[in-house]
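# Observations on chain architecture
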Amino acid sequence: MDAQRRNQYLEAIGVDVWVRRRGVQVVPDVTGAPSTSVQVARAAAEMVLPAPEAPAADLASRWEALRSEVISCTKCSLHSARTQGVFGVGHQGADWLVIGEAPGAEEDRRGEPFVGRAGHLLDAMLRAIGLSRATNAYIANVLKSRPPGNRDPKPEEVAACLPYLMRQIQLLQPRLMLAVGRIAAQNLLATDMPLGRLRGKVHHFGELNTPLIVTYHPAYLLRTPADKRKAWEDLKFARSVFRQLTEGVRNDGDRS
Ligand code: URA
């Protein structure tokens, strides 16, 4: 991507871009945020994935079957207040899986993750590293139903819902996972470590040992624009890790 185009993306996500006189672009640095403990999630996160069955012809129908289960799921009490379960969106052959927390009001209404203000920022963040939900990224949430008033998910809700995400991961088999926000990161990594300590390194997830990188939630970034620069560092780090995985290009190493 050329520098001018990248700067346009950075402006779109609200990252100030300083340009040195000789045209070298400078963008900043890393750190952190809060916590909860999530014991119940551990079991689901460690759940053994079923062996890949799947002649490719079956894949579409397995996606579809999973989607209909999720949309009409009643496994936890959230189903009684939501409009619909929100499954996931994106390319089913995507190498990148982006994981958020839970649907908000707009997502609940439209049945698609990240379609509100935070979603627009997420799309811009992804575009900045050459990703889009139409081509090479899949987007899903830890919870498929909206918690009332957008409160934090309860452990029993996460425990009920996480197996759906595990099945999405099994179908997608992403090369890289990007957890956006504390709730997604802590539940996927079964930790209550603050977000700031989870950023800047490559974690691994599940039986497939999928590399997982953590960054800020776009809704947090809308409230705290000063941290957009740190998010940009995370995105560049994720992109370099992905390149290393797929092209053998050296990444910047852990930044911790
Ligand atoms: N926040 C999330 O974590 N997920 C969504 O789908 C929307 C907002």
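Residues numbered from 1 in each chain as written. Predicted model: local features only at pLDDT ≥ 70, side-chain atom pairs only at ≥ 80, totals over all residues. Heavy atoms only, no water.

## Structural notes on the overall build of the protein
So the rule is basically this: Counting from the N terminus, the helices are DSSP H or I runs at least four residues long and the strands are E runs at least two residues long. Exposure is judged per residue with a 1.4 Å probe applied to protein chains only, and the accessible area is read against the type maximum: over 50% gives exposed, under 20% gives buried, and values in between give partly exposed. Here, two residues are considered to be in contact whenever any of their heavy atoms come within 4.5 Å of each other. Each accessible area is a Shrake-Rupley result for a 1.4 Å probe, and residues are judged covered by the shown protein chains and nothing else.
When you go through the protein residue by residue, the secondary structure sums to 10 helices and 8 strands. Among the 256 residues that make up the protein, the fraction classed as buried is 48%. Partitioning the contacts of the protein with sequence separation of at least 6, the portion at a separation of at least 24 is 72%. A total accessible area of about 11900 Å² is found for the protein, and carbon and sulfur atoms account for 49% of it.

## So, the site of the ligand
The line we're drawing: Near is defined per residue: the residue qualifies when any heavy atom it owns lies within 4 Å of the molecule or strand. Any pair of N or O atoms that falls within 3.5 Å is considered a polar contact. Within protein, one atom must be able to donate a hydrogen and the other to accept it, and sequence-neighbouring residues count only if both atoms are side-chain atoms. Residue type decides the class: Asp, Glu, Lys and Arg count as charged, Ala, Val, Leu, Ile, Met, Phe, Trp, Tyr, Cys and Pro as nonpolar, and the leftover types, Gly among them, as polar.
Contacts to the ligand come from Gly100, Glu101, Ala102, Pro103, Glu107, Pro113, Phe114, Asn141 and His217. In this structure, an oxygen atom belonging to the ligand sits 2.8 Å away from a side-chain N or O atom of His217. About the coverage of the ligand: the protein hides 92% of its 240 Å² of free accessible area. Each residue belonging to the shell around the ligand can be placed in one class, and the counts come to 4 nonpolar, 3 polar and 2 charged.

## A word on unusual backbone geometry
Even without glycine at this site, Phe114 takes up a positive phi of about 50°. Locating Phe114 in the fold gives a position in the loop between α4 (105-110) and α5 (117-128).

## Description of the state of the cysteines
One way to say it: the disulfide is the covalent bond shared by the sulfur atoms of two cysteines. Operational definition: Cysteine sulfurs are considered disulfide-paired once they come within 2.5 Å of each other.
Applying the stated criterion to the full structure yields 0 disulfides. Cys73 takes part in no disulfide bond, and the closest cysteine sulfur, belonging to Cys161, lies 6.2 Å away. According to the relative accessible area criterion, Cys161 is buried, its value standing at 8%.

## Observations regarding the sheet that holds strand β3 (residues 89-90)
Two modes of strand pairing occur in sheets, parallel and antiparallel, and in both the strands are linked by backbone hydrogen bonds. Selection rule: A strand pair is defined by DSSP finding two or more bridges across the two strands.
An order of β3-β5-β4-β6-β8-β7 is seen for the 6 strands of this open sheet, with the pairing classed as mixed. Among the strands making up the open sheet, the edge pair consists of β3 and β7 (203-205). Here strand β4 (residues 96-100) pairs with strand β5 (residues 137-141) via 5 bridges, running parallel. Directly across from Gly100, in β5, lies its bridge partner Asn141.

## With respect to the pairing of β5
For β5, a buried count of 5 out of 5 residues is recorded, marking the element as mostly surrounded by other parts of the structure. Burial of the side chains of β5 extends over both faces: Ala137, Ile139 and Asn141 are buried on one face and Tyr138 and Ala140 on the other. Pairing of β3 with β5 involves 2 bridges; the strand directions are antiparallel. Looking at β5, one finds that Gly90 is bridged to Tyr138.

## Some details on the packing of α5 against helix α10 (residues 228-247)
For clarity, the threshold we go by: Here an axis means a line fitted to C-alpha atoms, over the contact stretch when the element is a helix, while the angle between two N-to-C directions is reported on a 0 to 180 degree scale. Here the word oblique covers every angle except those under 35 degrees (roughly parallel), over 145 (roughly antiparallel) and from 65 to 115 (roughly perpendicular). By convention, the crossing between two helices is left-handed when the near helix turns anticlockwise from the far helix through less than a right angle, and right-handed when the turn is clockwise.
Between α5 and α10, the least distance of the axes is 10 Å, while the angle of their chain directions is 45°. Here α5 lies oblique to α10, going by the angle between them. Note on packing geometry: the crossing formed by α5 with α10 is right-handed. Two secondary-structure elements touch here, α5 through Leu121, Met125 and Ala128 and α10 through Lys228, Ala231, Trp232, Leu235 and Arg239. For the contact of α5 with α10, the per-class residue count stands at 6 nonpolar, no polar and 2 charged.

## Some remarks on the pattern of salt bridges
For the record, the criterion: Any carboxyl oxygen of Asp or Glu within 4 Å of a side-chain nitrogen of Lys or Arg constitutes a salt bridge here.
Inspection of the entire model under this criterion finds 11 salt bridges. Salt-bridge contacts for Asp152 lead to Arg182; the nearest nitrogen and oxygen are separated by 3.1 Å. Note that Asp152 is positioned in the loop between β5 and α6 (155-172) and Arg182 in helix α7 (residues 182-189), a separation of 30 residues in sequence. Classification of Arg182 as buried rests on a relative accessible area of 16%. Between Lys230 and Asp227 there is a salt bridge, with its nearest N and O atoms 3.1 Å apart. Residue classification places Asp227 among the buried positions, given a relative accessible area of 8%. A single network of salt bridges, built from pairs that share partners, joins Glu106, Arg109 and Arg110.

## Section: α6
How we decide: Multiplying 1.5 Å by the residue count of a helix minus one yields the expected span of that helix. Fitting axes to the seven residues that end at a residue and to the seven that start at it, the angle between those axes gives the bend at that residue.
Here α6 is 18 residues long and its end C-alpha atoms lie 25 Å apart, about the 26 Å a rise of 1.5 Å per residue gives. The sharpest bend along α6 comes to roughly 35°, located at Cys161, with the proline Pro163 sitting one to four residues further on. Among the 18 residues of α6, 13 are classified as buried, and the element is accordingly described as predominantly covered. Just beyond α6, the residue with positive phi is Gln173, at close to 45°.

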